[in-house]
2 protein chains.
Amino acid sequence: MEFSNVVTGRRSIRKYREQSVPDSEVEILIDLARHAPSSMNGQPWHFVIVRNGKSKAALAAIKNKFCPPEKQAYQADFLGTAPLIIVVCVEKSRSFGREIENGILAASIIMLAAQSRGLGSVYMSAYLTEEPKLSDAIREELGIPETFAPVSILPLGYADENPTPKDLRPLREIIHFEQF
Amino acid sequence: MEFSNVVTGRRSIRKYREQSVPDSEVEILIDLARHAPSSMNGQPWHFVIVRNGKSKAALAAIKNKFCPPEKQAYQADFLGTAPLIIVVCVEKSRSFGREIENGILAASIIMLAAQSRGLGSVYMSAYLTEEPKLSDAIREELGIPETFAPVSILPLGYADENPTPKDLRPLREIIHFEQF
């Protein structure tokens with residue numbers, strides 16, 4: 001699919017058809033994610049593919065438990081209904097203090113690649129700066145070692161919703177030349 | 001350009017031809033970046049386009065000053081030679097504690113969009129978690145208000161280098177099923 005169509009067509013998808021997503025599709029997404037830039041080319045990424053109902057429900061419960069009060073409208077229950085979830089993890093010793101950006105840059109490619117393959121996803125964080133227990137709970141559920149930081153949670157499936165177009169802020173409001 | 005070719009063809013570019021990049025190209029990139037996901041659809045992004053030599057040199061000096069010892073091989077002097085630099089900023093009140101991911105998700109699209117338009121870029125961070133003076137210095141140089149977080153620095157230009165292909169880690173080393 002043409003690059004700009006992928007970007008403009010992508011929306012956050014939280015409702016999925018029951019149709020499963022084959023491993024071959026997942027591997028195409030992760031193959032592309034490996035091309036993300038990383039600090040000092042450390043390529044620190046690991047990806048945990050979660051399909052079993054117990055872990056999907058556990059991830060939903062963990063996200064709900066640590067959901068800040070102002071985001072209660074965004075419940076994570078739908079994670080239990082996604083055909084699969086990709087948890088993006090970063091090896092701390094290979095990311096030189098930049099695990100968050102390294103993880104997000106790979107997650108961004110996965111989301112866009114999903115769109116280019118007719119799949120839907122939505123970006124979710126796997127950490128809270130001020131509350132390490134969110135990441136700890138995810139690590140415990142998925143057996144992720146202490147030396148890895150879970151950064152992003154990406155549910156994946158064929159969309160069963162068609163969100164209305166977003167109103168975007170006008171360019172002249174958000175572009176500044178030379179000085180802010 | 002086809003999406004997967006954009007992703008696999010993108011490399012970090014630090015050497016640029018003198019050829020300038022028109023505003024119309026910059027606007028195409030930022031128009032696409034607006035489609036990034038953002039926490040609670042806050043669309044918190046502002047973009048400062050820097051072309052003047054004084055500010056480019058100042059950004060290079062700031063990045064060098066705060067460069068961690070283990071990254072001294074990556075000097076930022078080349079920022080002074082880029083035709084332009086996009087500084088991605090995020091309005092804190094519109095990003096709900098997620099200014100870093102919101103900024104990076106837009107920056108990722110800019111880098112990929114640049115590649116799709118024949119332009120080169122490289123991802124650079126505009127903050128250090130443990131050292132707020134890096135962001136403070138960037139804010140002061142570009143007149144960015146205290147209520148905005150500079151997140152990414154993206155130099156942009158037509159590539160004057162052709163990096164050798166990267167060795168990527170094998171998929172079987174970095175994909176895990178169900179448990180890490």
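Scope of this entry: the structure provided in the associated data block. Here the structure is a predicted model, which is why all the values come from computation and not from measurement.

1. Side note on the pattern of salt bridges
Residue and element names in this part refer to chain B.
Phase 1: On inspection of all chains with the given rule, the structure shows 16 salt bridges over all chains.
Phase 2: With a shortest N-O distance of 2.7 Å, Asp23 and Arg51 are connected by a salt bridge. Residue Asp23 is found in helix 2 (residues 23-33), and its partner Arg51 is found in the loop between strand 1 (45-50) and helix 3 (53-65); the two are separated by 28 residues along the sequence.
Phase 3: The partner of Glu101 in a salt bridge is Arg98, with the nearest N and O atoms 3.4 Å apart.
Phase 4: The class of Glu101 is buried, set by a relative accessible area of 3%.

2. Comments concerning the relation of the copies chain B and chain A
Phase 1: Laying chain B over chain A is done by rotating through 180° and shifting 0.0 Å along the axis; what remains is an RMSD of 0.0 Å. The operation mapping one copy onto its partner corresponds to a two-fold rotation axis.
Phase 2: Comparing contact sets, 100% of the residues at the interface of chain B also lie at the interface in chain A, consistent with an isologous, same-surface contact.

3. Regarding the packing of aromatic side chains
Phase 1: Across all of its chains, the model carries 3 aromatic pairs over all chains by this definition.
Phase 2: Taken together, a centroid distance of 6.2 Å and an interplanar angle of 0° make the contact between Phe3(A) and Phe3(B) stacked. Within this pair, whereas Phe3(A) is found in helix 1 (residues 3-9), its partner Phe3(B) is found in helix 1 (residues 3-9), the two belonging to separate chains.
Phase 3: On the basis of relative accessibility, which here comes to 0%, the residue Phe3(B) falls in the buried class.
Phase 4: The ring of Tyr127(B) is capped by Arg98(A), whose NZ or CZ atom sits 5.0 Å from the centre of that ring.

4. Considerations on the packing of helix 3 (residues 53-65) of chain A against helix 5 (residues 133-142) of chain A
Residue and element names in this part refer to chain A.
Phase 1: One way to put it is that helix 3 packs onto helix 5 with a least axis distance of 10 Å and a crossing angle of 170°. As summarised for this structure, helix 3 and helix 5 are arranged roughly antiparallel, according to the angle between their axes. Between helix 3 and helix 5, the contacting residues are Lys54, Ser55, Ala58, Leu59, Ile62 and Lys63 on the first element and Leu134, Ala137, Ile138, Glu141 and Leu142 on the second.
Phase 2: Taken together, the residues that form the contact of helix 3 with helix 5 break down as 7 nonpolar, 1 polar and 3 charged.

Criteria and thresholds
- Residues numbered from 1 in each chain as written.
- Chains lettered and ligands numbered in written order.
- Predicted model: local features only at pLDDT ≥ 70, side-chain atom pairs only at ≥ 80, totals over all residues.
- Heavy atoms only, no water.
- Salt bridge = Lys/Arg side-chain N within 4 Å of Asp/Glu carboxyl O.
- Helix = DSSP H or I, 4+ residues; strand = E, 2+ residues; numbered from the N terminus.
- Buried < 20%, exposed > 50% of the residue type's maximum accessible area, 1.4 Å probe, protein only.
- Least-squares fit on C-alpha atoms with pLDDT ≥ 70 in both.
- Contact = heavy atoms within 4.5 Å.
- Phe/Tyr/Trp six-rings, centres within 6.5 Å; stacked < 30°, edge-to-face > 60°.
- Lys NZ or Arg CZ within 6 Å of the ring centre and 35° of its normal.
- Axes fitted to C-alpha atoms, helices over the stretch in contact; angles between N-to-C directions.
- Parallel < 35°, antiparallel > 145°, perpendicular 65-115°, else oblique.
- Nonpolar A, V, L, I, M, F, W, Y, C, P; charged D, E, K, R; others polar.

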